[in-house]
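Next come the chains, spelled out residue by residue.
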Amino acid sequence: SGDSGDSGDSGGAGRALPPHSPSGAVLQTVEMHTGGEPLRIIPRLEAAEQAAAAGMSLLSLRREVAATQDHVRRALMHEPRGHAGMYGAVVVRGGAAAEGAHLAALFLHCAGYSAMCGHAVMALGRFALDYGLVPAPTRPETAVRLRCPCGPVTAFVPWDGHRSGNPVRFHSVPAFAAATDVAIDVPGHGKVVVDIGYGGTFYAFLSAEQLGLDVCTSKTKDLVSAASAVTEAVKKQFKLHHPESEDLAFLYGTILTDGKDAFSEEPTTNICVFADEQVDRSPTGSGVTARIALQYHKGLIQLDQTRTFRSSTTGSLFTGKAVKATKFGNYNAVIVEVSGEAFYTGTATFTVEEEDPLKHGFFFK
């Protein structure tokens, strides 16, 4: 990520990069999407790699990047380079951050940093193979080991000897039902009953019907404001606990469903509203993980029964199934397999001009 200036092979076609201040950053990214949800991958961030090389744990690294490199997140997630629905990942190689894994990842969104992101894991699985992060990929499928802030995650990626393919599936950290049938008082909506599930991060789940809405036909803005009101109410009225780290004991968002939790061959539709009213365009990988854990906990599905989940925003599909029962702290948990399709949309070189008053981006929703 330096200034390539006049590249020798450009045949007089001018500079390879737009002008930027000598001190201004040049950020190179690989652009992908999974089920419509964007992923802007930053293959290298020197400050993060240096901190990782110094032996910093991934949760500490997340705090360090938030404290010292947040301008990178804002520049790439916010307008004018990003938008209110943008999502990103910083790839960290080597050092303690990636011990025993092919890569570590920090997840970025418009309001901050997440502990887990399933759509990103599927995209990063393909990226890791195509960009040579896995030393000896195997056919027909390669296991890509990632370290995420919530813990180790493995993606299984089709590989034909030349390039990666779809669908990509992943096994996340143990997922569990944190609480079921919790009565919450939501200002403007009255009493609702929510389930709280963990799939690498915590979500509240309820049918949109409880809020007088329909997940498939109501206006997105009505679903978003209702889901956000639920998130705020749950945060105030319910104390979350994570078996390993208090850093992970926070509610990431609310997922409104069509209420079809009992096992069926038919897809069930949901919409995930997370962070600062950000809307997931995909069915939400960590949300599917948590939702499967809840359905398994309630006896609505058995091990190895596959459910299909549809995003109400794009209609894209993920599948999920519980593949193994396990324990996580005091919780009865399950390992969940989520599958979906991730695609490349391009690469980008972003520059920053020092004198640009909006150089670090602005957030408009």
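Residues numbered from 1 in each chain as written. Predicted model: local features only at pLDDT ≥ 70, side-chain atom pairs only at ≥ 80, totals over all residues. Heavy atoms only, no water.

Taking an unreviewed UniProt entry as the reference, the protein chain is identified by name as trans-L-3-hydroxyproline dehydratase belonging to Chaetorhynchus papuensis. Turning to the protein chain, the UniProt record has this under Sequence similarities (unreviewed entry): "Belongs to the proline racemase family." In its Catalytic activity (unreviewed entry) section, the UniProt record describing the protein chain reads: "trans-3-hydroxy-L-proline = 1-pyrroline-2-carboxylate + H2O". (UniProt positions renumbered as here; feature names shortened; annotations may be inferred.)

J.: Teacher, can you tell me more about a nonpolar patch on the surface here?
T.: On the surface, Leu-358, Phe-362 and Phe-364 cluster together into a nonpolar patch covering about 300 Å² of accessible area. Inspection of the secondary structure puts Phe-364 in the segment after strand 18 (342-351). Classification of Phe-364 as exposed rests on a relative accessible area of 59%. (Patch = residues over 30% accessible without salt bridge, like charges linked within 9 Å, V, L, I, M, F, W, Y side chains within 5 Å. Areas by Shrake-Rupley, 256 points an atom, 1.4 Å probe, with all protein chains shown as cover. Salt bridge = Lys/Arg side-chain N within 4 Å of Asp/Glu carboxyl O. Helix = DSSP H or I, 4+ residues; strand = E, 2+ residues; numbered from the N terminus. Buried < 20%, exposed > 50% of the residue type's maximum accessible area, 1.4 Å probe, protein only.)

J.: Is there a simple way to explain the domain arrangement of the protein chain in this structure?
T.: A common way to express how large an interface is: the accessible area buried when the components associate. Here the protein chain is partitioned into domain 1 (26-167 + 344-350) and domain 2 (173-340). When each unit is reduced to the centre of its C-alpha atoms, the spacing between domain 1 and domain 2 is 23 Å. Facing 27 residues of domain 1, the contacting portion of domain 2 comprises 25 residues. When the two sides are added together, the surface that domain 1 and domain 2 hide from each other amounts to roughly 1800 Å², 58% of it contributed by carbon and sulfur. Contact with domain 2 buries area across many residues of domain 1, yet Glu-37, Met-122 and Cys-150 alone supply 25% of it, more than any other trio. On inspection of domain 1 and its partner domain 2, the count reaches seven residue pairs in polar contact (both at pLDDT 80 or more). Counting residues per element, the ones that place at least two in the side of domain 1 that touches domain 2 are helix 2 (58-68), helix 4 (118-130) and strand 7 (151-158). (Domains from an automatic or database assignment. Contact = heavy atoms within 4.5 Å. Buried area = accessible area lost by both parts, 1.4 Å probe. Polar contact = N/O pair within 3.5 Å; in protein donor to acceptor, adjacent residues only side chain to side chain.)

J.: Mind showing me how you'd approach the pattern of salt bridges here?
T.: Close approach of charged atoms allows side chains with opposite charge to pair. Taken as a whole and judged by the stated rule, the model has twelve salt bridges. In this structure, the salt-bridge partner of Glu-49 is Arg-44, at a minimum N-O distance of 2.9 Å. On the basis of relative accessibility, which here comes to 14%, the residue Glu-49 falls in the buried class. With its nearest N and O atoms 2.6 Å apart, the salt bridge here joins Asp-195 to Lys-298. Taken together, the residues Asp-195 in strand 10 (residues 190-198) and Lys-298 in the loop between helix 6 (285-297) and strand 15 (307-311) connect sequence positions 103 residues apart. Overall, Lys-298 belongs to the partly exposed group, its relative accessible area being 36%. One salt-bridge network, in which partners are shared between bridges, spans Asp-70, Arg-73 and Arg-74.

J.: I tried to follow unusual backbone geometry on my own but got confused; where do I start?
T.: Excluding glycine, residues mostly carry a negative phi; peptide bonds, for their part, are mostly trans. Omega for the bond connecting Glu-79 with Pro-80 falls within 30 degrees of zero, at 5 degrees, which places this linkage in the cis form. With respect to the secondary-structure elements, Pro-80 resides in the loop between helix 3 (70-77) and strand 3 (87-92). Asn-166 connects to Pro-167 through a cis peptide bond whose omega is -5 degrees. Tracing the backbone shows Pro-167 in the loop between strand 7 and strand 8 (168-171). Of note, Asp-181 is a non-glycine position whose phi angle comes to about 55 degrees, a positive value. Mapping Asp-181 onto the fold places it in strand 9 (residues 175-186). The phi torsion at Asp-304 lies on the positive side, around 65 degrees, for a residue other than glycine. If you trace the backbone, Asp-304 turns up in the loop between helix 6 and strand 15.

J.: Help me out: how do you make sense of the nonpolar core in this one?
T.: Generally speaking, nonpolar side chains in soluble globular proteins are found buried as a group. With 90 residues, the main nonpolar core has Phe-107, Val-121, Leu-124, Val-144, Val-194 and Leu-256 as its most contacted residues. In terms of residue count, helix 4 provides more of this core than any other element does, eight residues in total. Ranked by size, the runner-up nonpolar core spans 24 residues in total, among them Leu-27, Met-77, Met-86 and Leu-108. (Core = buried A, V, L, I, M, F, W, Y, C linked by side-chain atoms within 4.5 Å.)

J.: Just checking my understanding: could you explain the side chain of Arg-307 for this structure?
T.: Structurally, the position occupied by Arg-307 is in strand 15. The charged side chain of Arg-307 is buried without a salt bridge, its nearest counter-charge being Asp-261 at 5.6 Å. A distance of 3.3 Å separates the side chain of Arg-307 from the backbone oxygen of Lys-260, its partner in a polar contact. Here the side chain of Arg-307 touches Asp-261 through a polar contact of 3.0 Å, landing on its backbone oxygen. (Lys, Arg positive; Asp, Glu negative; His and termini not counted.)

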